[in-house]
Amino acid sequence: ATTTAHAQSLHFSVDGSVPFETIASSTEGRILKARVDVLRCKRDWDEYFSAQYGAGGPVFTSLAQPDFCREQVVAVNLGHAGTVGVRPVVLSVAATEVGLWEIVVDATRPQGLAQDVAAIFSPYVAVRMPFGPDNYPAEIAKIREMTANRDESIWKALKGEQMDVAAADQNTTP
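For clarity, every value in this text was computed on a predicted model and none was experimentally measured.

Reading the values: rules and limits
Residues numbered from 1 in each chain as written. Predicted model: local features only at pLDDT ≥ 70, side-chain atom pairs only at ≥ 80, totals over all residues. Heavy atoms only, no water. Pairing = 2+ DSSP bridges. Helix = DSSP H or I, 4+ residues; strand = E, 2+ residues; numbered from the N terminus. Axes fitted to C-alpha atoms, helices over the stretch in contact; angles between N-to-C directions. pLDDT = per-residue confidence, 0-100. Salt bridge = Lys/Arg side-chain N within 4 Å of Asp/Glu carboxyl O. Patch = residues over 30% accessible without salt bridge, like charges linked within 9 Å, V, L, I, M, F, W, Y side chains within 5 Å. Areas by Shrake-Rupley, 256 points an atom, 1.4 Å probe, with all protein chains shown as cover. Buried < 20%, exposed > 50% of the residue type's maximum accessible area, 1.4 Å probe, protein only. Expected span 1.5 Å × (residues − 1). Arc of directions from axis to C-beta. Contact = heavy atoms within 4.5 Å. Polar contact = N/O pair within 3.5 Å; in protein donor to acceptor, adjacent residues only side chain to side chain. Phe/Tyr/Trp six-rings, centres within 6.5 Å; stacked < 30°, edge-to-face > 60°.

**Comments concerning the sheet that holds strand β2 (residues 21-29)**
The antiparallel open sheet is built from four strands, whose spatial order is β2-β7-β4-β3. Edge positions in the sheet fall to β2 and β3 (35-39), since each has one partner strand and no second. The mean angle between the axes of side-by-side strands here comes to 15 degrees, regardless of whether they run parallel or antiparallel. Taken together, the five bridges between β3 and strand β4 (residues 71-77) define a ladder with antiparallel strand orientation. In the strand pairing of β4, Asp37 is matched with Ala75.

**Considerations on the confidence of the model for the chain**
For the chain, the average pLDDT comes to 76, and 68% of its residues sit at 70 or higher. When mean pLDDT is compared element by element in the chain, helix α4 (residues 165-169) scores highest at 93, while strand β1 (residues 2-6) scores lowest at 43.

**As for the pattern of salt bridges**
What the rule picks out here adds up to eight salt bridges. Of the charged contacts in the structure, one is a salt bridge between Arg128 and Glu71, with a shortest N-O distance of 3.8 Å. Here Glu71 lies in strand β4 and Arg128 lies in strand β7 (residues 122-130), a separation of 57 residues in the sequence.

**Remarks on a nonpolar patch on the surface**
On the surface, Ile154, Trp155 and Leu158 cluster together into a nonpolar patch covering about 380 Å² of accessible area. A relative accessible area of 65% places Leu158 in the exposed class.

**Some details on helix α1 (residues 42-53)**
Along an α-helix, a turn takes 3.6 residues, which lines up residues three or four apart on a common side. Over its twelve residues, α1 runs 16 Å from end to end, which matches the ideal 16 Å to within 8%, given 1.5 Å per residue. Inspection of α1 places Asp44, Trp45, Tyr48, Phe49, Gln52 and Tyr53 among the buried residues, and these make up the whole buried set. The arc that holds every buried residue of α1, seen down its axis, measures 125 degrees, which confines them to one face. Exposed and facing more than 90 degrees away from the buried side of α1 are Arg43 and Glu47. Two residues or fewer past α1, Gly54 is found with a positive phi of approximately 85 degrees.

**Topic: the environment of Gln52**
Residue position: Gln52 is located in helix α1. Its relative accessible area of 0% is what places Gln52 among the buried residues. C-alpha of Gln52 to C-alpha of Ile31: the two residues are 21 residues apart in sequence and 5.6 Å apart in space. Here Gln52 is in contact with Gly29, Arg30, Ile31, Asn77 and Tyr124, once residues within four sequence places are set aside. At a separation of 3.0 Å, a polar atom in the side chain of Gln52 contacts the side chain of Asn77.

**Considerations on the packing of aromatic side chains**
According to the stated counting rule, one finds five aromatic pairs in the structure shown. Between Trp45 and Phe49 the ring centres are 4.7 Å apart and the planes differ by 55 degrees, which places this aromatic pair in the tilted class. With Trp45 and Phe49 both in helix α1 and four residues apart, this pair spans about one turn of that helix. Each member of the pair, Trp45 together with Phe49, is buried. When the centroid spacing of 6.2 Å and the interplanar angle of 65 degrees are considered together, the rings of Trp45 and Phe68 count as edge-to-face. Here Phe68 lies in the loop between α2 (58-62) and β4 and Trp45 lies in helix α1, a separation of 23 residues in the sequence. Comparing Trp45 with Phe68 shows no difference in burial state: the two are buried. An aromatic cluster of three or more residues is present, and its members are Trp45, Tyr48, Phe49, Phe68 and Tyr124.

This is the structure we're talking about:
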């Protein structure tokens with residue numbers, strides 16, 4: 001299954017991949033609807049895992065909380081319909097050109113389990129991914145170049161000159 005989620009900040013590597021680390025995976029989540037959650041702060045974290053396990057649940061308290069100044073968490077919930085015995089695994093995360101992530105999840109069902117049986121719980125997987133200026137130096141370089149273009153445009157406008165900012169932005173770091 002492939003799903004997309006809005007990214008707060010993206011870094012495109014040569015192959016488009018985004019580094020990630022699986023921090024939780026279970027067949028026994030309590031969020032029964034198929035959905036993707038992006039956790040960007042402690043409040044998001046607390047709300048998501050409280051819904052998943054109940055406040056103070058054993059898994060919730062044992063997970064190491066990310067540093068939300070540098071990281072975010074994407075959780076993929078498969079829903080309970082037809083997911084008996086499935087333990088999802090994120091195979092890859094890639095940045096797309098339109099500011100989304102493409103998350104490839106392996107949701108293979110163990111042999112011998114019926115596909116049409118609804119699970120009592122919902123399988124899910126959560127991955128930690130970086131974001132922010134420390135993780136995206138190329139993005140910061142581009143923003144600085146674009147800011148310099150706008151600064152130059154303002155100074156030219158004060159002198160009565162015009163500048164094509166869009167054309168100047170085409171020459172910034174890719």
